[in-house]
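Observations on the model geometry
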Amino acid sequence: MQIRSLLKIKGLAFILVLLTIQTVSAQVLTPVKWSFDASALGNDEYELQFKADIEKDWTVYSQHSNDEGPVPTYVEFEELNG
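Residues numbered from 1 in each chain as written. Predicted model: local features only at pLDDT ≥ 70, side-chain atom pairs only at ≥ 80, totals over all residues. Heavy atoms only, no water.

Details of the overall build of the protein
Basically, it comes down to this: Comment: elements are numbered from the N terminus, with helices defined as DSSP H or I runs of at least four residues and strands as E runs of at least two. Here the term buried applies to any residue with accessible area under 20% of the maximum for its type, exposed to any over 50%, and partly exposed to those in between, with areas from a 1.4 Å probe on protein chains only. Should any heavy atoms of two residues lie within 4.5 Å, those residues are considered in contact. Surface accessibility in these figures is a Shrake-Rupley result with a 1.4 Å probe; residues are shielded only by whichever protein chains are displayed.
Of regular secondary structure, the protein possesses 1 helix and 4 strands. In the protein, the succession of helices and strands from N to C terminus is α-β-β-β-β. Per-residue burial for the protein yields a buried fraction of 2% across its 82 residues. Considering only contacts in the protein between residues 6 or more positions apart, those separated by 24 or more positions represent 19%. In the form shown here, the protein has an accessible surface area of approximately 8,400 Å², with 57% of it arising from carbon and sulfur atoms.

Take a look at the structure:
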């Protein structure tokens with residue numbers, strides 16, 4: 001009888017672990033939705049638009065940090081000559 005009880009407990013524990021793993025892996029967060037647009041202005045010039053719709057209480061940071069902590073995201077372009 002003890003072996004049956006032990007197997008039952010192990011089976012229930014296994015099912016509980018599987019359900020927990022599935023729940024945790026299902027929580028993929030996407031708090032920022034990006035959209036991009038480019039408009040030709042003529043004369044080889046373009047207007048680029050980057051739009052981020054950010055859910056309330058979320059912030060976007062750079063993937064880099066410094067000694068002071070996370071760095072806010074920014075976009076920098078360099079003019080190409082030629």
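Side note on the pairing of strand β2 (residues 45-54)
Quick reminder of the rule: Each pair of strands is called paired provided DSSP finds at least two bridges between the two strands.
Strand direction decides the pairing type here: strand β1 (residues 32-42) and β2, joined by 10 bridges, are antiparallel. Its bridge partner lying in β2, W34 is registered against A52. What sits between β1 and β2 in their antiparallel hairpin is a turn of 2 residues, with N43 showing a positive phi close to 60°.

Structural notes on the environment of I54
As for its position among the elements, I54 is in strand β2. C-alpha of I54 to C-alpha of P31: the two residues are 23 residues apart in sequence and 5.8 Å apart in space. Ignoring sequence-local partners within four residues, the contact set of I54 consists of P31, V32, T59 and V60.

Considerations on a nonpolar patch on the surface
Put simply, the rule reads: A patch consists of residues whose relative accessible area exceeds 30% and which take part in no salt bridge; residues with like charges are grouped when within 9 Å of each other, and nonpolar side chains (Val, Leu, Ile, Met, Phe, Trp, Tyr) when within 5 Å. Between Lys or Arg on one side and Asp or Glu on the other, a salt bridge is scored when a side-chain nitrogen of the former is within 4 Å of a carboxyl oxygen of the latter.
Together, W34, F36, Y46, L48, F50, V75 and F77 make up an exposed nonpolar region whose accessible area comes to about 820 Å². With 3 residues, the top contributor of residues to the nonpolar patch is β2. Structurally, Y46 is set in strand β2.

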